[in-house]
Amino acid sequence: KKKKKDLVSGGKSLMSLTNSEVKAVAIVGGTHGNETNGVYLAKHFASHPQLVERESFSTRVLLANVAAIGPSPTQARRYVETDLNRCFFRRELDDPSLTLLEQKRAKEINAELGPKGSVAPRADFIIDLHNTTANTGVALMMSPRDDFAHEVGMHLMTLDPDNVRIVEWAPADDYGMLPSVGRSGFTFEVGACPWSTIVGHWYAASRRLVLAALDYIHRHNQMVQQTIPATLRPASVLVFQRAYTLNYPRVSRAADGTEELDGMIHPTLEGKDFSLLQEGQPIFLRLDGSAVCFARDQFGIEGKDADEDLFPFFLNEAAYYEKGIAMMLARRTTHRLEVLCETPWWEK
């Protein structure tokens, strides 16, 4: 039994919305200022509030890092002083000595949408709009403990099964990402999108799916309120769970030992986010033209993952060069949950 539990992500959040009403939703754009798809979708929703209003809950739209967004996309940057989407750990939100621009902005957002950890934050559900230079499609990034976010994500997967995936953050006691301020929510990541550009296909897909998520939440509220008769039923959904990160090949060239880049994502892997990674498959191409092949023992992948399928994602994400991340590797597993479903007519 213990082994089976280890293979299944999940566990209910203490603040689960599975069987309770969502009263307030927040849609956030510009957490990273140069992720322009999300910035302009948020601006569109803010200019047309009737699109995101629903009878059963309030919806707030805001831009997170206005200083990084700048006056135009050509002047936008990811952040000014530090990555805003790593500033929402509770210990940092509670620390008045942290005064970088993004650290102060995180505290302001926490006051607007939180407070984080409260049983009654100002935002029950947060949709944080992002885009990536990697070919992820629509990746809904969320806590493995957030059943309601999985439920909404599962619905969006049914609407666009070829593009939408649920990706769980690595298990942890706390997260530094903006959606963790609310009771539930996810990072809505789309790509591939170059920095400071709007890609029409992904803009349209994002708009359609965000509106569908709001419709789903409204219907969930109707079932909680028993306007629509509903029954709590077991469900399951396939998810990707972040497990590892791999750095690019590097070499010491400078006298001080500073490491420089010595390779890139292999052309045969480029753009194949969420494909099955094979042992011995070329994953990097060195500057001298030689290939680095995937070998679990050489990358410290042991234990149960020595035989488990792994899937790369965020391949060649431009923002992760500074973090020393060439790709992330995920397990594919099953998240089990309970969802409110409309009671069939024969059971009413």
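Each chain has its residues counted from 1, following the order in which its sequence is written. Side-chain atom pairs in this predicted model are given and counted only at pLDDT of 80 or more, local residue features only at pLDDT of at least 70, and totals for whole chains, interfaces and linings cover all residues. To get the side-chain values, all heavy atoms of the structure are used, and hydrogens and water are removed first.

### With respect to the pairing of strand β3 (residues 58-63)
Two strands qualify as a pair provided that DSSP identifies no fewer than 2 bridges between them. Segments assigned H or I by DSSP are reported as helices when at least four residues long, segments assigned E as strands when at least two residues long, and all are numbered from the N terminus. Of the strand pairs in this sheet, strand β2 (residues 24-29) and β3 are connected by six bridges, and their pairing is parallel. What sits directly across from valine 25, in β3, is threonine 59. The parallel pair β2 and β3, bridged by helix α2 (residues 36-47), forms a crossover whose chirality is right-handed. The path from the first strand over the helix to the second decides the hand: if it runs clockwise while the strands point away from the viewer, the crossover is right-handed.

### Here we look at helix α5 (residues 101-113)
An expected span of 1.5 Å times one less than the residue number is assigned to each helix. With 13 residues, α5 should cover 18 Å at 1.5 Å per step; its first-to-last C-alpha distance of 18 Å lies within 8% of that length. Burial classification: accessible surface area is computed with a 1.4 Å probe over protein chains only, and a residue below 20% of its type maximum counts as buried, one above 50% as exposed, and the rest as partly exposed. Taken together, the buried positions of α5 are occupied by Glu102, Gln103, Arg105, Ala106, Ile109, Asn110 and Leu113. Projection of α5 onto a plane perpendicular to its axis shows the buried side chains occupying an angular sector of 160 degrees, all on one side. Two residues form a contact once any of their heavy atoms are found within 4.5 Å. Those residues of α5 hidden inside the fold are in contact with β2, β3, α4 (90-93) and β4 (125-131). The arc refers to the directions leading from the helix axis to the C-beta atoms.

### Quick word on the pairing of strand β12 (residues 282-286)
Examined bridge by bridge, strand β11 (residues 263-265) and β12 share three bridges and lie antiparallel to one another. What sits directly across from glycine 263, in β12, is arginine 286. Strand direction decides the pairing type here: β12 and strand β13 (residues 291-293), joined by three bridges, are antiparallel. Across the sheet, residue proline 282 finds its bridge partner in β13, namely cysteine 293.

### Some words on the pattern of salt bridges
By definition here, a salt bridge exists when the distance from a side-chain nitrogen of Lys or Arg to a carboxyl oxygen of Asp or Glu is within 4 Å. Taken as a whole and judged by the stated rule, the model has 14 salt bridges. Where aspartate 262 meets arginine 286, a salt bridge forms, and the shortest distance between an N and an O atom there is 2.9 Å. Note that aspartate 262 is positioned in the loop between β10 (259-261) and β11 and arginine 286 in strand β12, a separation of 24 residues in sequence. When its relative accessible area of 12% is taken as the criterion, aspartate 262 is described as buried. Linked by salt bridges that have partners in common, Glu35, Arg78, Asp83 and Lys323 make up one network.

### Some thoughts on empty space enclosed by the protein
A pocket, in this scheme, is an open set of points on a 1 Å grid over the protein atoms alone with protein on both sides within 12 Å along at least 5 of 7 lines, while a cavity is a set where a 1.4 Å probe fits but cannot get out; residues line either one if an atom lies within 4 Å of a point. Grid points are joined across faces, edges and corners, and a volume is the space filled by probe spheres set on the points. Taken as a whole and assessed by the stated rule, the structure comprises two cavities of 30 Å³ or more. As for the largest cavity, its lining consists of Asn37, Gly38, Leu41, Leu129, His130, Phe188, Val190, Tyr203 and Ser206. The set of elements that each furnish at least two residues to the lining of the largest cavity consists of α2, β4, β7 (184-191) and α7 (200-224). Element by element, the count of residues in the lining of the largest cavity is highest for α2, at three residues. Three classes are used: nonpolar for Ala, Val, Leu, Ile, Met, Phe, Trp, Tyr, Cys and Pro, charged for Asp, Glu, Lys and Arg, and polar for all others, with Gly counted as polar. Each residue belonging to the lining of the largest cavity can be placed in one class, and the counts come to five nonpolar, four polar and no charged. When its volume is computed, the second largest cavity comes out at roughly 30 Å³. Lining the second largest cavity, in full, are Gly33, Thr36, Val39, Tyr40, Lys43, Ile69, Gly70, Ser72, Pro73 and Ala76.

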